[in-house]
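A look at the structure
For reference, the chains in residue letters:
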Amino acid sequence: MSNIPTIMTADILPTMQYCRDKDRTAFYHGAMGAAKSSVIRQSAVAMADDMELTFRDVTFADAPVEDPKATFGWIDARACTMDQSDTKGFGSLDTVDGMTRFLPPSWLPRADRDGDQGILFLDDFSQAFVATKTTFSSLILDGFLGDYVLPAGWQIVLSGNRQQDASATTRLPAFLANRCGHFEVVPDLPAWAQYNVNHEGGDRRCVAFIRMTPELLHNYKKNELAFGTLRSWSSASEAVAQIEDPVMRQIMVASFVGTGPAAELEGFLKIVASGEEIPTWRQIVTTPMEAPVPAEFSEHVVAISYAIIGIISQNISRDRTEGCDQMENVVKYIDRLAGSEGRNDYATCCMHDLANLMADDDIDDEPGYLLQTRAASGWKSRNPNAIIGA
């Protein structure tokens, strides 16, 4: 998309917030599987928290909210499944006044039922019928649709795939395009890695592999059924974690991301399994100064280094006290991993992962407990240019 800004998933929240404050509609375009929808929902949750309101998904709610004034509602509507009658509603004859009135669809937000504040998320808007898009235009610009009026505290957010990705998109009329702020969301490797580091069902070895081969994170080619996206690699990561048989594992990974990337991943897993210059977690946490580090000219130095990062992030304790105690020896080891041969990127990558881990007892659901240690503070002071953080 030629003339709209490209943003990372981390930029969705501030752009949504700005559009909400200015009563504008945000339209997030992007490649399929780029996690647009899930991050938009996460951003809505964050906005509700910031407003000290209770977030409630009322998309399929079977009862009104208890306290509309204290509720931030969320309605997820798939525009690609709608026609004009689903949007404007059906006409009903008012025999008293002798007029036809439109009965608005039940899924549209109502303040008394869904909350005074909220977001109406029209997903897959790019794939909707042109007539359906046109019907929505008055709601997007003026906040009404026939006899229906959007509650004052509700914001409309749009999302959809790009035309070049063969996603059955339809034309967006120019007058409607001009009523929105447009953003193209690009695949975000750091955000994907952060999610999978904290995701219990995934496998850190898969994260390590994608860091080594970032071009595979999103590699759609026309007419291919299985290809890499943030979504499909998360599915592949779960398969790696759950399947021990290498033949079946490669088959299942290939079903999500394609045969070529699956073969590359399986080769990487064999290197990791061989144990070549790869320390165990016990060696790292008990004897960090003796644990093996990959040789500078090792044939597999990149693969091994990223595998070690995965070992550390997967095994460090989520118990706040124990994990903080382990950090002293972990930092000693990653200092050796960085060495003096320009490999400090690996140490920075490892510290970034550790910065985004959450303790099991963190009631605020905030990462960063391992950065509060003396060892981490010392590492940051020795590496002032390193960019890490939750």
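Each remark here, short or long, concerns the structure printed above.
None of these values were measured; they are calculated from a predicted model. (Residues numbered from 1 in each chain as written. Predicted model: local features only at pLDDT ≥ 70, side-chain atom pairs only at ≥ 80, totals over all residues. Heavy atoms only, no water.)

**Details of the overall build of the chain**
- Each helix and strand counted, the chain has 16 helices and 11 strands in total.
- Seen along its three principal axes, the alpha-carbon backbone of the chain occupies a region of about 90 × 45 × 40 Å.
- The long-range share in the chain, meaning contacts at least 24 apart out of those at least 6 apart in sequence, stands at 70%.
- A total accessible area of about 19,100 Å² is found for the chain, and carbon and sulfur atoms account for 51% of it. (Helix = DSSP H or I, 4+ residues; strand = E, 2+ residues; numbered from the N terminus. Contact = heavy atoms within 4.5 Å. Areas by Shrake-Rupley, 256 points an atom, 1.4 Å probe, with all protein chains shown as cover.)

**Regarding the nonpolar core**
- Within the largest apolar cluster, 61 residues are counted, with the highest numbers of intra-cluster contacts made by Trp 233, Leu 265, Phe 268, Ile 312 and Leu 354.
- A total of 8 residues in this core trace back to one element, the largest contributor, which is helix α13 (residues 301–315).
- Residue contacts for Trp 233: discarding those within four places in its chain leaves Trp 192, Cys 206, Phe 209, Ile 210, Leu 216, Leu 217, Gly 228, Val 257, Pro 261 and Leu 265.
- Counting residues in hydrophobic clusters, the runner-up holds 23 residues, among them Met 82, Leu 139, Leu 145 and Ile 156. (Core = buried A, V, L, I, M, F, W, Y, C linked by side-chain atoms within 4.5 Å. Buried < 20%, exposed > 50% of the residue type's maximum accessible area, 1.4 Å probe, protein only.)

**Remarks on helix α14 (residues 320–338)**
- Look at α14: 26 Å from first C-alpha to last across 19 residues, which is about the 27 Å you get at 1.5 Å a residue.
- The sharpest bend along α14 measures roughly 35 degrees and falls at Met 327.
- The complete set of buried residues in α14 reads Gly 323, Gln 326, Met 327, Asn 329, Val 330, Val 331, Tyr 333, Ile 334, Leu 337 and Ala 338.
- The first or second residue beyond α14 is Gly 339, which carries a positive phi of 60 degrees. (Expected span 1.5 Å × (residues − 1). Bend = angle between axes of the 7 residues up to and from the residue.)

**Digging into a nonpolar patch on the surface**
- Side chains of Val 247, Met 248, Ile 251 and Met 252 sit close together on the surface and give an oily, nonpolar patch of about 340 Å² of accessible area.
- By secondary structure assignment, the location of Met 248 is in helix α10 (residues 246–257). (Patch = residues over 30% accessible without salt bridge, like charges linked within 9 Å, V, L, I, M, F, W, Y side chains within 5 Å. Salt bridge = Lys/Arg side-chain N within 4 Å of Asp/Glu carboxyl O.)

**Side note on the sheet that holds strand β4 (residues 71–78)**
- The sheet built from 7 strands is open, its strands ordered β1-β11-β2-β10-β7-β4-β3 with parallel pairing. At either margin of the open sheet sits one strand with a lone partner, and together these are β1 (6–7) and β3 (54–57).
- Running at roughly 135 degrees to strand β10 (residues 153–161), helix α1 (residues 12–21) makes contact with β1, β2 (25–30), β4, β7 (117–123), β10 and β11 (180–185) of the sheet.
- The sheet strands contacting helix α5 (residues 130–142) are β2, β7, β10 and β11, and the helix crosses β10 at an angle near 135 degrees. (Pairing = 2+ DSSP bridges. Axes fitted to C-alpha atoms, helices over the stretch in contact; angles between N-to-C directions.)

**Focus: the environment of Ala 226**
- Counting through the fold element by element, Ala 226 comes out in the loop between α8 (204–212) and α9 (230–242).
- A sequence separation of 28 residues divides Ala 226 from Ala 254, and the C-alpha atoms of the two residues are 7.3 Å apart.
- Leave out the neighbours within four places in its chain, and Ala 226 touches Ala 254, Ser 255, Phe 256, Val 257 and Gly 258.

**Examining the packing of aromatic side chains**
- Within the structure shown, the criterion is met by 11 aromatic pairs.
- Judged by centre distance (6.5 Å) and plane angle (25 degrees), the rings of Phe 55 and Phe 72 are stacked. Of this pair, Phe 55 sits in strand β3 while Phe 72 sits in strand β4, and the two are 17 residues apart along the sequence. Both residues of the pair, Phe 55 and Phe 72, count as buried.
- By way of ring pairs, the aromatic residues Phe 27, Trp 107, Phe 125 and Phe 136 are connected into one cluster. (Phe/Tyr/Trp six-rings, centres within 6.5 Å; stacked < 30°, edge-to-face > 60°.)

**Considering the environment of Gln 372**
- One can find Gln 372 in the loop between α15 (344–355) and α16 (374–382).
- Take Gln 372: its relative accessible area is 66%, and that puts it in the exposed class.
- Residues Gln 372 and Cys 324, spaced 48 residues apart in sequence, show a C-alpha to C-alpha distance of 8.0 Å.

**Some points on the packing of α13 against α14**
- Packing of α13 against α14 leaves a shortest axis separation of 12 Å and a crossing angle of 175 degrees. It follows that α13 is roughly antiparallel to α14 by the angle criterion. Of α14, the residues touching α13 (which contributes Ser 305, Ile 308 and Ile 312) are Val 330, Tyr 333, Ile 334 and Leu 337.
- A breakdown of the residues in the contact of α13 with α14 according to their chemical character gives 6 nonpolar, 1 polar and no charged. (Parallel < 35°, antiparallel > 145°, perpendicular 65-115°, else oblique. Nonpolar A, V, L, I, M, F, W, Y, C, P; charged D, E, K, R; others polar.)

**A closer look at the side chain of Arg 20**
- Take Arg 20: it is sitting in helix α1.
- Look at Arg 20: it is buried, it has no salt bridge, and the nearest opposite charge is Asp 21 at 5.8 Å.
- Within the structure, the side chain of Arg 20 is placed 2.8 Å from the side chain of Gln 117, a separation counted as a polar contact.
- Residues in contact with Arg 20, not counting those within four places in the same chain, are Met 47, Met 51, Phe 72, Gln 117, Gly 118, Ile 119, Gly 153, Trp 154 and Gln 155. (Lys, Arg positive; Asp, Glu negative; His and termini not counted. Polar contact = N/O pair within 3.5 Å; in protein donor to acceptor, adjacent residues only side chain to side chain.)

**Section: unusual backbone geometry**
- Look at Asp 23: it is not a glycine, yet its phi comes out positive at around 55 degrees.
- Mapping Asp 23 onto the fold places it in the loop between α1 and β2.
- Positive phi, close to 55 degrees, is recorded for Asp 124, a residue that is not glycine.
- Within the secondary structure, Asp 124 sits in the loop between β7 and α5.
- Residue class for Asp 124 comes out buried when judged on its relative accessible area of 19%.

**Focus on a negative patch on the surface**
- Taken together, the side chains of Glu 200, Asp 319, Glu 322, Asp 325 and Asp 360 define an acidic patch exposed on the protein surface.
- Tracing the backbone shows Glu 200 in the loop between α7 (189–198) and α8. (Charge placed at Lys NZ, Arg CZ, Asp CG, Glu CD.)

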